[in-house]
Amino acid sequence: MPATFVDDKAPICVPFILEHLDAHRARHAKAADGCTTTTARPPPLVIGLNGIQGAGKTTLVAALTTALEGKNVHAVVCSIDDFYLTHDDQTALAAQHPDNALVQHRGEPGTHDIALAVQVFCQLMQGLPAKIPQYDKAAFQGQGDRLPESAWVPVNQPGQTYVDVVMLEGWSVGFRPISDEEVEQRWKAPSRTLQSHKLEHLLFVNQNLRAYDTLTSLFDLFIQIDSEDTEYVYIWRAEQEEHLRLIKGDSNAGMTKEQVVHFVDGYYPAYELYTDGIRSGIFSDRPGCQLRMVVGRDRCVKQVMRI
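As a starting point, this report considers the structure included with it. Quick caveat, the model's predicted, so the values are computed rather than measured.

1. What about helix H8 (residues 232–248)?
In this model, H8 (17 residues) spans 24 Å end to end at C-alpha, consistent with the 24 Å of a helix rising 1.5 Å per residue. Within the span of H8, buried status applies to Tyr232, Val233, Tyr234, Trp236, Glu239, Glu241 and Arg245. On its buried face, H8 sits against strand E8 (221–227), helix H9 (257–265), helix H10 (268–280) and strand E9 (290–295). Just downstream of H8 lies Gly249, where phi reads positive at about 65 degrees.

This is the structure:
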C-alpha cells in the first residue's frame, strides 16, 4: 500500500451531493408551503455508498464528512458492518446451515440485522433521537460481536446538531437481488468463485438479499467506487496486510498471501453476482441520482458517470 494516498474522489462527490441536497431542500420547501403540519426542516438526504474493498472507501467517507461540514452540512456516517448480526445470532445462522460456507462468517447478505438498520434509518429520517449500533470485529477471537447499546453513537439527541445528510457505506451496500434463473446462469458460466459453491447455497444468499431492498429503497442518492477489474481486491487486500506488517514491525503480522486469497474468496461470490446490477443503476425511476467512479489499479479515478 502506498505510504501516502491522495483522495481524488471527494472533489467529484461533493458537488454531486450539494446539487442534490439543494434540490431535496427545494422540493421539501415547496411541499411545506402552506402546510402547517410539515416540519420546518427537511428530512436528511440519505446516501448509499458502495466501494469495492480497498478502493479508498474509508478515505472517501472521512473526506466527504469533513468537506460537507465545511459547507455547514452536518453528515452522519453509518457502516453496514455495524448492523451485523450479534455473535449469538451469527453462530445460530451458521449452525442452521452447516454446509453453506457463505454464511459461516459475517459478510454475505443474510448476516446483517436489516430490521434494526431500517429502524435506525427511519428514526434518522424523521429527525428522531437515535443510536447507531457499533460492532467489534475483534470480539470472540475475530468472529466479532455487536457492542452493548451503551456504546452506540447517539444522534439527534437534545443539544446535538441537526443532521443534514446520512450516509450508509459498505462493500455490499446497494446490491439488489437477481432472479433465481440469473443466479443459475452465472453459476454455470465461467467464474472465479461461484462454482466453488452449491447452487442452492447461492440461491439462499440471493433470497436473503431480498430483505435488503427495504433499506436500499430509502436512499435518495447512490455513490459507487467501482474498479476496472474487481479482482484488484485481492491485490489491495494483500497490500493492506503488508502495510500492517510494516506498521507493526512484525513480519508475521496479518494474513499471508494464501490466507488473503481464502479470505477474499469468502465474499467474492457477491461481487460476481451483483456488481453488474450496480453498474447498470440501482434506481430504475430516478436517472441522474447515481454517481459511478471507476478506479484503476492505482486506486485513482479513471472514469466518472451519472446513471
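Continuing now.
2. A look at empty space enclosed by the protein
Per the stated rule, a full pass over the model turns up 3 cavities of 30 Å³ or more. In this structure, the largest cavity spans a volume of roughly 70 Å³. A volume near 60 Å³ is recorded for the second largest cavity. Taken together, Asn50, Gly51, Ile52, Trp171, Phe175, Gln224, Ile225, Asp226, Thr230, Tyr271, Thr275 and Ile278 form the lining of the second largest cavity. Among the elements of the structure, strand E1 (45–51), E8 and H10 are those that each provide at least two residues to the lining of the second largest cavity.

3. Comments concerning the side chain of Gln290
Residue position: Gln290 is located in strand E9. Within the structure, Gln290 has its side chain in polar contact with the backbone oxygen of Ile278 (distance 2.8 Å). Excluding anything up to four places from it in sequence, Gln290 contacts Phe16, Phe222, Gln224, Ile278, Gly281, Ile282, Phe283, Met305, Arg306 and Ile307.

4. Some points on unusual backbone geometry
Unlike most non-glycine residues, Asn72 shows phi in positive territory, near 60 degrees. Under the relative-accessibility criterion, Asn72 is labelled exposed at 70%.

5. Remarks on the pairing of strand E7 (residues 165–170)
With 6 of 6 residues buried, E7 lies mostly within the body of the structure. With burial as the criterion, each face of E7 is covered, one bearing Val165, Met167 and Glu169 and the other bearing Val166, Leu168 and Gly170. The sheet contact formed by E1 and E7 spans 6 bridges and is parallel. Each residue of the ladder has a partner; that of Asn50, found in E7, is Gly170. Sheet analysis places strand E2 (residues 75–79) next to E7, joined by 5 bridges and oriented parallel. The residue of E7 that forms the bridge with Val76 is Val166.

6. Digging into the packing of aromatic side chains
Between two aromatic rings, the relevant description is the distance of the centres plus the angle of the planes. Considering all chains together, one arrives at 11 aromatic pairs under this definition. Relative to Tyr271, the ring of Trp171 lies with its centre 5.3 Å away and its plane at 65 degrees, an arrangement referred to as edge-to-face. Of this pair, Trp171 sits in the loop between E7 and helix H5 (180–188) while Tyr271 sits in helix H10, placing them 100 residues apart in sequence. Ring geometry for Tyr234 versus Tyr268: centroids 5.4 Å apart, planes at 50 degrees, classification tilted. Note that Tyr234 is positioned in helix H8 and Tyr268 in helix H10, a separation of 34 residues in sequence. For the pair Tyr234 and Tyr268, one class covers both residues: buried. Clustering of aromatic rings is evident, with ring pairs tying together Trp171, Phe175, Tyr234, Phe263, Tyr267, Tyr268, Tyr271 and Tyr274. The lysine or arginine in question, Arg192, covers the ring of Tyr234, its NZ or CZ lying 3.7 Å from the ring centre. Over the ring of Phe283 we find Arg286, and its NZ or CZ is 4.1 Å from the ring centre.

Conventions used here
Residues numbered from 1 in each chain as written. Predicted model: local features only at pLDDT ≥ 70, side-chain atom pairs only at ≥ 80, totals over all residues. Heavy atoms only, no water. Helix = DSSP H or I, 4+ residues; strand = E, 2+ residues; numbered from the N terminus. Expected span 1.5 Å × (residues − 1). Buried < 20%, exposed > 50% of the residue type's maximum accessible area, 1.4 Å probe, protein only. Contact = heavy atoms within 4.5 Å. 1 Å grid on protein atoms, 1.4 Å probe; cavity = no way out; pocket = protein on both sides within 12 Å on 5 of 7 lines; lining within 4 Å. Points joined across faces, edges and corners; volume = space filled by probe spheres on them. Polar contact = N/O pair within 3.5 Å; in protein donor to acceptor, adjacent residues only side chain to side chain. Pairing = 2+ DSSP bridges. Phe/Tyr/Trp six-rings, centres within 6.5 Å; stacked < 30°, edge-to-face > 60°. Lys NZ or Arg CZ within 6 Å of the ring centre and 35° of its normal.

In short, geometric facts, not functional conclusions.
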